[in-house]
Amino acid sequence: MGLVSKHEERDLELPNNRRILLEAIESDLVNDDNVLALFYGGSIGNENTDVFSDIDLRVVVKPDYIKEYIANKNERAKNWGDVLYFEDLYPSSIYTVAHFNCFVKVDIFYYTPENIQPSTWLKNIKIIKDTNRMMAETLTRSMTLTYKPSVEEFEIWRTKFFAYLHEAYRRAIRKEYYYALNCIDKLRLSMSTAWYMISGNQPNTFGDWAKYEGSRSELEVWQKSLLESWECGRDAVEILDVMKSIVPEFKKVHRSLCDTLGVQEDSQWVDNIVNMVI
């Protein structure tokens, strides 16, 4: 028997509550003369929302008003509904997250026009307001772009993998199991990142598991199956077994990325690093 949630009735209403929030956001911002553009990213931009999808809101304002809008970002969100709390570690940041009492959250970014440049991140957006067709032109140019990892991204990726592999061993031997399991999770995430890099899909910011699993994932069935198989509990033997299981696929994708980027593979160097812990 699967999970039976006591919140099932509320959850079924989430798409309708999200729609109500969207209407409130647009009613507030579309008529604001200082707002030059308004668009959605994420699952709304991709047109693949599900029951639990949040709202990724992007607001472009006149440069002379950006400081005012950032300072007022939390108060502005209260215009759209009943906010339970905010994730806002840095009041001067362009970013905040408003969590509403209907269990829908809104990720809010404030930009000026100079911040908006063609990018693979802007290939899937839903434009609501677009003064002077700035966003339409940016979207058109973004659609011509393809993602290819840089050598710098590759170096960061593989050295992080090595570091998490070594640290998982240290923490498992010390019986610091939650630390070790966190490292194992980062190894799984590193592999998901690499698969996206190889396939030409823009990977998430490291640490973000969004859409790597489930029906909206761009991973192949066999890749998701591998991810599922790399499961372990609070046991040093299990942890080391998963590490051993991940390494062959790491070597495979490492070789592929080296070939793609013209980087020397140096398999002996890789073996020396890996064999220190498995």
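Since this is a predicted model, take the numbers as computed values, not measurements.

Here we look at the side chain of Ser 217
Here Ser 217 shows up in the loop between helix H8 (177-199) and helix H9 (221-229). In terms of polar contacts, Ser 217 uses its side chain to reach the backbone carbonyl oxygen of Lys 211, at 3.5 Å. Those residues in contact with Ser 217 that lie beyond four places of it in its chain are Tyr 196, Lys 211, Tyr 212 and Lys 224.

Let's talk about the pattern of salt bridges
What the rule picks out here adds up to 17 salt bridges. Across the salt bridge formed by Glu 155 and Arg 158, the nearest N and O atoms sit 2.8 Å from each other. Taken together, the positions of Glu 155 and Arg 158, both in helix H7 (residues 151-173) and three residues apart, correspond to about one turn of that helix. The class for Glu 155 is partly exposed, based on a relative accessible area of 27%. Arg 158 gets classed as buried once you look at its relative accessible area, which sits at 6%. In this structure, Arg 188 engages Asp 185 in a salt bridge whose closest nitrogen and oxygen atoms are separated by 3.4 Å.

Considering a nonpolar patch on the surface
On the surface, Val 51, Phe 52 and Phe 103 cluster together into a nonpolar patch covering about 300 Å² of accessible area. Mapped onto the secondary structure, Phe 103 falls in the loop between strand E4 (95-100) and strand E5 (105-111). Classification of Phe 103 as partly exposed rests on a relative accessible area of 48%.

Side note on helix H6 (residues 134-142)
Among the residues of H6, Met 134, Met 135, Ala 136, Thr 138 and Ser 142 are the ones counted as buried. Buried residues in H6 make contact with strand E1 (35-40), strand E2 (55-61) and strand E6 (126-130).

Section: the nonpolar core
Ranked by size, the top nonpolar core spans 41 residues in total, and within it Phe 161, Leu 165, Ile 184, Met 191, Ile 239 and Met 243 carry the most contacts. Counting residues per element, the ones that place at least two in this core are H7, H8, helix H10 (236-261) and helix H11 (267-274). Among the elements that make up this core, the one with the highest residue count is H8 (twelve residues). In contact with Ile 184, not counting residues within four places along its chain, are Ala 168, Cys 232, Ile 239, Val 242 and Met 243.

A look at the packing of aromatic side chains
Enumeration over the complete set of coordinates arrives at 14 aromatic pairs. An angle of 5° between the planes, with centres 4.0 Å apart, marks the rings of Phe 161 and Phe 250 as stacked. Of this pair, Phe 161 sits in helix H7 while Phe 250 sits in helix H10, and the two are 89 residues apart along the sequence. Take Phe 161 and Phe 250: they sit in the same class, and that class is buried. Considering the side-chain rings of Trp 195 and Trp 222, the 5.8 Å spacing of their centres and the 70° angle between planes classify their relative orientation as edge-to-face.

A look at the side chain of Lys 129
On the secondary structure map, Lys 129 appears in strand E6. For Lys 129, which is buried and forms no salt bridge, the nearest opposite charge comes from Asp 33, at a distance of 5.4 Å. Looking at Lys 129, its side chain comes within polar contact range of the main-chain oxygen of Asp 32, at 2.8 Å. Apart from the residues lying within four places of it in its own chain, the contact partners of Lys 129 are Leu 29, Val 30, Asp 32, Val 35, Leu 36, Ala 37 and Leu 38.

Some points on the environment of Ser 225
Note that Ser 225 resides in helix H9. Taking the C-alpha atoms as reference points, Ser 225 and Lys 73, separated by 152 residues in sequence, lie 42 Å from one another.

Considerations on the packing of H7 against H10
The geometry of H7 relative to H10 is characterised by a closest axis approach of 11 Å and an angle of 165° between their N-to-C directions. It follows that H7 is roughly antiparallel to H10 by the angle criterion. H7 and H10 meet at a crossing whose hand is left-handed. Where H7 approaches H10, its residues Val 151, Phe 154, Trp 157, Arg 158, Phe 161, Phe 162, Leu 165, Ala 168, Tyr 169 and Ala 172 are matched on the opposing element by Ala 236, Ile 239, Leu 240, Met 243, Ile 246, Val 247, Phe 250, Val 253, His 254, Leu 257, Cys 258 and Leu 261. For the contact of H7 with H10, a count of residues per class yields 20 nonpolar, one polar and one charged.

Some details on the environment of Leu 240
Note on placement: Leu 240 falls in helix H10. With 196 residues separating them along the chain, Leu 240 and Ile 44 place their C-alpha atoms 40 Å apart. With sequence-adjacent residues up to four places away left out, Leu 240 is seen in contact with Tyr 169, Ala 172 and Val 277.

Scoring rules and cut-offs
- Residues numbered from 1 in each chain as written.
- Predicted model: local features only at pLDDT ≥ 70, side-chain atom pairs only at ≥ 80, totals over all residues.
- Heavy atoms only, no water.
- Helix = DSSP H or I, 4+ residues; strand = E, 2+ residues; numbered from the N terminus.
- Polar contact = N/O pair within 3.5 Å; in protein donor to acceptor, adjacent residues only side chain to side chain.
- Contact = heavy atoms within 4.5 Å.
- Salt bridge = Lys/Arg side-chain N within 4 Å of Asp/Glu carboxyl O.
- Buried < 20%, exposed > 50% of the residue type's maximum accessible area, 1.4 Å probe, protein only.
- Patch = residues over 30% accessible without salt bridge, like charges linked within 9 Å, V, L, I, M, F, W, Y side chains within 5 Å.
- Areas by Shrake-Rupley, 256 points an atom, 1.4 Å probe, with all protein chains shown as cover.
- Core = buried A, V, L, I, M, F, W, Y, C linked by side-chain atoms within 4.5 Å.
- Phe/Tyr/Trp six-rings, centres within 6.5 Å; stacked < 30°, edge-to-face > 60°.
- Lys, Arg positive; Asp, Glu negative; His and termini not counted.
- Axes fitted to C-alpha atoms, helices over the stretch in contact; angles between N-to-C directions.
- Parallel < 35°, antiparallel > 145°, perpendicular 65-115°, else oblique.
- Left-handed = near helix turned anticlockwise from the far one by under 90°.
- Nonpolar A, V, L, I, M, F, W, Y, C, P; charged D, E, K, R; others polar.

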